[in-house]
Amino acid sequence: MEAPPRGRIADRISAANEQVFVGRETELLLLREALAGGPDAPSVLWVHGPGGIGKSALIRQYAKEAAADRTVVHIDGRVVPAAPQAFETAAETAVRAPRALLLIDTFEYCQSLEGWLRDEFLPGLPADTLVVVAGRHAPDVRWSADPGWADVLKVIALGDLGADEAATFLEKRGVDPARRDALLAFACGHPLALVLAVHASAGHDLPASRPWEPTAEIVAPLLRNILGELPGPRHRLALEVCAQAHLTTETLLRAMVGDDAPELFAWMREQPYIDRCTEGVFPHDAVREALAADLKWRDPERFDQLYRRLHRHLVERIGSASRGRLLPYVGSLQFLYRGAGHMAQSHAWYTPGLVEDHPYDPADEADVLALAERGEGADTTGPLRYWLENRPQDFRVQRLRGTSPATAFSAWLRPEPSQGREHDPVAEAAWEHVDVHGPLAPGEHIVVGRFHVYPRQYQRPSPVMDLMLWRMLGELLRDTDLAWSFIVLRDDGFWDAHMNFCDMAPLDRLVMVGGHPYRLFAHDWRDMSPRDWLAEKQRTLLTDTDDDGDFTVTTLTDRPSAPVPSAHAMSKPEFTVAVRSALRDLRRPQALEANPLRHSRLIVDHGMTLREVLSNAVAGLVTARGGDKAHQVATLAFLEGAPTQEAAARRLQMPYSTYRRHLTTAISRIEERLWQHEQTGLPLLPP
């Protein structure tokens, strides 16, 4: 009996690679068009991108696509000496064979041959030869400066995998669906980061309640592969600054590293893993996260020092910047908080420069009114016309880069006392709130974030909404003698968590404008200025104590037809989120009605309402050791209500930081008690 043919190990490796290869449809189409020939087909494809982005995987796929009818010659730049004669010897088959495909991978290792390749080697190849060069660096500008190469060379900047492609990759690798979101968030579509994350997560059987986080075994090889050998420690420091900053300019780098910033910035901007825009440079997302995780693991003290220095520098620049330069600094400051509270859900963090922010001009009036009708309805233009006529200096318009009509508009109103009460129901609600909590002192004023209109993505994370949020924070930090701020948003629950993180308390009163409900979020600044508040917020996040930033709510909905998950299937973290959301909404019956706790054993098994159960939990705080303060704070925060946390602290005659500490304790005890009763099935009765 004849023995079956013996395969090769290489065949198994190739089959495995083929099985998990995903995406790159555009790049494969370009190869197929080049292989097909034609008068406009390129003869040279130049693929470039940072280390680990998948260039070699694409090259292997190119070889597979062409193997049927082309002689494929593969040159690895790591192996071939960077000398013309050695290179010609390695490529000899491609020179002789008709219709050959010459693949030159890891060209960065023989980058010194680029001029010779362009001027001597490639022009001498047969016209039916197709060449693919793959390396970390884009071709030298002299290629594009030579008109002879215009139709011959096609440059391909290889980027990340798309979100669906990255998810497909994890699915093909058999990653547990419960782990995929964390891996996707870390890798940001970077193929090598995905591979390393898959490998590391497969070796750790973590409980479902514990989130996956990148470890040194992932970060170290990822950085080693992407960054390569750095010239020195100062270059590493420059990259660490770039990883923390939203955008890095030479000015910012000088403030952080000193006088050698010009040299370091010039080096950094040329690296393949650094992107650039009109406002500065920024690293690839996976590189940013890996650099930050590595520094935090290696030297947490230096990580915090770098954070503090960058924070201080940005606050100083916000105070001194012109209005035209304000937003980049505010955006960079906001970026430092991107992992706190619900900042990740409320900001888009798109590539900077996609949208431009401009002062309102009377010539914009028609565009602004049309945007308001599309985004909010024709009945809303009455208050808008009033404010455009009386406070035009408080409006901004946003334009997509390269377009002239306004695509969105916003307003940060600074009305005179009682201004707008008779013309805008939102202004009436704001002034009514001020009247209840004490008149303005001489020189004090209020501000109202009144309009945030972008019809295409109305009040949802987008490059436009990012600018609107940044403008509001920037104006707050530069304001003086401010008594109250009010931010007005459509009352659909989306922004509740973000406003809570920013200590902006919702008013009980809903305002109807044009048939839509709007909620005012208020903050009393009379005891603590915006700058002092920000400093306190920063200290809280850095020390991770007294931090009610974690006390956030999930997205709410007022649509009773929306599916509500059963609490029986909740993990403890999911249960905790539902509890915090319910506490936040105790005085908002409609929002409380949508909370998944309504279907828990706590409610269903004992015929109690969710409000009754939560009220009993708050009342029970007094029975714990030292529970008097926690009970007082929770009663005021959740059952009685206060316009702001600062106002609640004043009413209880507590320092603000002490109030926050007791609130955190109260929330934690309520969560644990509710969870205990949910597990045991016992009713939660009043003490």
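Not measured: the values here are computed from a predicted model.

Peer 1: Looking at this structure, how should I read the overall build of the chain?
Peer 2: The helix and strand tally for the chain stands at 31 helices and 15 strands. For the chain, the proportion of its 687 residues judged to be buried stands at 52%. When contacts within the chain are restricted to residue pairs at least 6 apart in sequence, long-range pairs at least 24 apart make up 73% of them. When the accessible surface of the chain is totalled, it reaches about 31600 Å², and 51% of it is carbon and sulfur.

Peer 1: Help me understand the side chain of Arg 136 in this model?
Peer 2: Mapped onto the fold, Arg 136 is located in the loop between β4 (130–135) and α7 (141–145). The buried category is assigned to Arg 136, whose relative accessible area is 17%. Beyond its immediate stretch of four places on either side in the chain, Arg 136 contacts His 48, Gly 49, Gly 51, Lys 55, Glu 108, Asn 225, Ile 226, Leu 227, Gly 228 and Pro 272.

Peer 1: Explanation requested: the confidence of the model for the chain in the structure shown.
Peer 2: Should pLDDT be low for a region, the predicted coordinates there are not to be read in detail. Residues with a pLDDT of 70 or more make up 87% of the chain, whose mean pLDDT is 81. By mean pLDDT, the top-scoring element of the chain is strand β10 (residues 408–413) (95), and the lowest-scoring one is helix α1 (residues 9–20) (57). Confidence drops under a pLDDT of 50 for residues 544–568, and excluding neighbours within four residues, the segment shows 64 contacts in the predicted structure.

Peer 1: Can you walk me through the sheet that holds strand β2 (residues 71–76) in this structure?
Peer 2: In any sheet, the strands associate via hydrogen bonds between backbone groups, in a parallel or an antiparallel arrangement. As summarised here, the arrangement of the five strands in space is β2-β3-β4-β1-β5, forming an open sheet in which the pairing is parallel. Strands with a single pairing partner mark the edges of an open sheet, and in this sheet they are β2 and β5 (153–157). Put simply, the sheet's adjacent strands are angled 15° from each other on average, direction ignored. Looking at chain direction, strand β3 (residues 100–105) and β4 are connected through four bridges and run parallel. Along β4, the bridge assignment pairs Ile 104 with Val 133. Across the sheet, helix α2 (residues 25–36) lies against β1 (44–48), β4 and β5, angled at about 155° from β4, the strand it touches most.

Peer 1: In this structure, what is going on with the packing of aromatic side chains? I would like to understand it.
Peer 2: Describing an aromatic ring pair means giving the distance of the ring centres and the angle of the ring planes. Under the criterion given, the structure shown has 15 aromatic pairs. With 5.3 Å between their ring centres and 70° between their planes, Trp 46 and Trp 143 make a pair best called edge-to-face. A residue pair is termed long-range when its members are at least 10 positions apart, and Trp 46 in strand β1 and Trp 143 in helix α7 qualify at 97 residues. Between Phe 395 and Phe 451, the ring centres sit 5.9 Å apart and the planes meet at 25°, which makes this aromatic pair stacked. Note that Phe 395 is positioned in strand β9 (residues 395–400) and Phe 451 in strand β11 (residues 445–453), a separation of 56 residues in sequence. Exposure class is identical for Phe 395 and Phe 451. Each is buried. Grouping aromatic residues by their ring pairs yields a cluster made of Trp 46, Phe 107, Trp 143 and Trp 149.

Peer 1: Whenever I open this one, the packing of helix α12 (residues 233–244) against helix α16 (residues 300–320) confuses me. Can you help?
Peer 2: Geometry of a packed helix pair, given as the angle between the helix axes and the separation of the axes. Orientation of α12 relative to α16, taken along the N-to-C sense of each, is 60°, at an axis distance of 11 Å. With respect to each other, α12 and α16 are oriented oblique. Remark: the crossing between α12 and α16 carries right-handed chirality. Residue-level contacts link Leu 237, Glu 240, Val 241 and Gln 244 of α12 to Arg 302, Phe 303, Leu 306, Tyr 307 and Leu 310 of α16. Of the residues in the contact of α12 with α16, the class split is six nonpolar, one polar and two charged.

Peer 1: Can you help me understand unusual backbone geometry in this one?
Peer 2: Peptide bonds are, in most cases, trans, and in most cases residues other than glycine have a negative phi. Positive phi values are uncommon outside glycine, yet Asp 503 reaches one of about 60°. With respect to the secondary-structure elements, Asp 503 resides in the loop between α23 (496–501) and β13 (505–506). A positive phi angle, near 55°, is found at Gln 653, a position not held by glycine. With respect to the helices, strands and loops of the structure, Gln 653 is situated in the loop between α30 (645–651) and α31 (656–680). Residue classification places Gln 653 among the exposed residues on the basis of a relative accessible area of 74%.

Peer 1: Explain α31 here, please?
Peer 2: Residues that lie three or four places apart on an α-helix share one face, since the helix turns once every 3.6 residues. In this model α31 runs 37 Å from its N-terminal to its C-terminal C-alpha over 25 residues, within 8% of the 36 Å that 1.5 Å per residue would give. Note on α31: the residue one or two positions beyond its end, Gly 681, has a positive phi of about 80°.

Peer 1: What should I look at first to understand the pattern of salt bridges in this one?
Peer 2: For side chains bearing opposite charge, pairing can occur when the charged atoms are close. All chains considered together, the criterion is met by 30 salt bridges. A salt bridge links Arg 118 to Asp 119; the shortest N-O distance between them is 3.1 Å. When its relative accessible area of 7% is taken as the criterion, Arg 118 is described as buried. Residue Asp 394 is joined to Arg 391 by a salt bridge in which the shortest nitrogen-to-oxygen separation is 2.7 Å. With respect to class, Asp 394 is no different from Arg 391; both count as buried. Three or more residues are tied together by salt bridges with common partners; here these are Arg 236, Glu 240, Asp 294, Arg 298, Asp 299 and Arg 302.

Peer 1: When you look at the nonpolar core in this model, what are you seeing that I'm missing?
Peer 2: Of all hydrophobic cores here, the largest spans 91 residues; its most connected members are Leu 227, Leu 239, Leu 253, Met 268, Tyr 273 and Leu 333. For this core, the element with the most residues is helix α22 (residues 463–478), which contributes ten residues. Leu 369, Ala 372, Trp 431 and Val 448 belong to the second largest nonpolar core, which has 36 residues in total.

Peer 1: Just checking my understanding: could you explain the packing of α12 against helix α14 (residues 261–269) for this structure?
Peer 2: As a packed pair, α12 and α14 sit with axes 10 Å apart at the nearest point and diverge in direction by 70°. Between α12 and α14, the interaxial angle falls into the category roughly perpendicular. Two secondary-structure elements touch here, α12 through Arg 234, His 235, Ala 238, Leu 239 and Cys 242 and α14 through Leu 264, Trp 267 and Met 268. Tallied by class, the residues present in the contact of α12 with α14 amount to six nonpolar, one polar and one charged.

Peer 1: Honestly, the side chain of Thr 248 in this entry has me stumped. Any pointers?
Peer 2: Tracing the backbone through its elements, the reader meets Thr 248 in the loop between α12 and α13 (250–257). Assessed through its relative accessible area of 0%, Thr 248 is described here as buried.

Peer 1: What's the story with helix α17 (residues 326–335) in this structure? I'm lost.
Peer 2: Across the ten residues that make up α17, a large majority, nine, are buried. Among the residues of α17, those classed as buried are Leu 326, Leu 327, Tyr 329, Val 330, Gly 331, Ser 332, Leu 333, Gln 334 and Phe 335.

How each quantity is defined
Residues numbered from 1 in each chain as written. Predicted model: local features only at pLDDT ≥ 70, side-chain atom pairs only at ≥ 80, totals over all residues. Heavy atoms only, no water. Helix = DSSP H or I, 4+ residues; strand = E, 2+ residues; numbered from the N terminus. Buried < 20%, exposed > 50% of the residue type's maximum accessible area, 1.4 Å probe, protein only. Contact = heavy atoms within 4.5 Å. Areas by Shrake-Rupley, 256 points an atom, 1.4 Å probe, with all protein chains shown as cover. pLDDT = per-residue confidence, 0-100. Pairing = 2+ DSSP bridges. Axes fitted to C-alpha atoms, helices over the stretch in contact; angles between N-to-C directions. Phe/Tyr/Trp six-rings, centres within 6.5 Å; stacked < 30°, edge-to-face > 60°. Parallel < 35°, antiparallel > 145°, perpendicular 65-115°, else oblique. Left-handed = near helix turned anticlockwise from the far one by under 90°. Nonpolar A, V, L, I, M, F, W, Y, C, P; charged D, E, K, R; others polar. Expected span 1.5 Å × (residues − 1). Salt bridge = Lys/Arg side-chain N within 4 Å of Asp/Glu carboxyl O. Core = buried A, V, L, I, M, F, W, Y, C linked by side-chain atoms within 4.5 Å.

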